[in-house]
Amino acid sequence: SYPNGDVAPDRGVCTDVVVRAYRRAFGLDLQQAVHDDMAGHFASYPKLWGLRTTDTNIDHRRVPNLQTYFKRRNAQRTVSNDPGDYRPGDLVTQMIAGRLPHIVIVSDRRTADGQRPLIIHNIGAGAQEEDGLFGHPITGHYRHLP
């Protein structure tokens, strides 16, 4: 894929789970899509890393960049504490320990009690499906169906 492929499937971070899911489900390469959007609208993206231009190796792997990309596509939804507001395939961004941005995919499976959707994410142990939608403060909710 664009431009130099993906990290190994047994490696990666939370954003890699989203990139792979979008590639499989929709044929959308977020690495290329984010790069193209950043190249044309660089000023719209966060300046958290001191970059003066795009970096195809990492731009798509930064949660704030994905948040900006999805906002620019009018995919933003209301953040709420109601599990019913979250549908399978939705993306949710969270803040871990007050400083680490994280992104998860809402699963089509639910907790054993049926109260909440599970999430699919990588928080250091590879891709996992678990009960974690409200495990960290939610900073964004996106529904992007290209």
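Figured I'd write up the structure that's included with this text. Keep in mind it's a predicted model, so treat the numbers as computed, not measured.

### Points about the pattern of salt bridges
Once their charged atoms are close, side chains differing in charge can pair, the charge on each being opposite to the other. This structure, assessed with the given rule, holds 7 salt bridges. In this structure, D37 and R72 form a salt bridge, with 2.7 Å as the shortest nitrogen-oxygen distance. Separated by 35 residues along the polypeptide, D37 in helix α2 (residues 30-40) and R72 in helix α3 (residues 63-72) bring together distant segments of the chain. Relative accessible area serves as the criterion here: at 6%, D37 is assigned to the buried category. Through salt bridges with shared partners, a single ionic network connects D37, R72 and R73.

### A short note on unusual backbone geometry
Of note, the phi angle at N74 is positive, near 55 degrees, even though the residue is not glycine. Following the sequence through the fold, N74 ends up in the loop between α3 and β1 (91-96). Given the relative accessible area of 66%, N74 is considered exposed.

Definitions and cut-offs
Residues numbered from 1 in each chain as written. Predicted model: local features only at pLDDT ≥ 70, side-chain atom pairs only at ≥ 80, totals over all residues. Heavy atoms only, no water. Salt bridge = Lys/Arg side-chain N within 4 Å of Asp/Glu carboxyl O. Helix = DSSP H or I, 4+ residues; strand = E, 2+ residues; numbered from the N terminus. Buried < 20%, exposed > 50% of the residue type's maximum accessible area, 1.4 Å probe, protein only.

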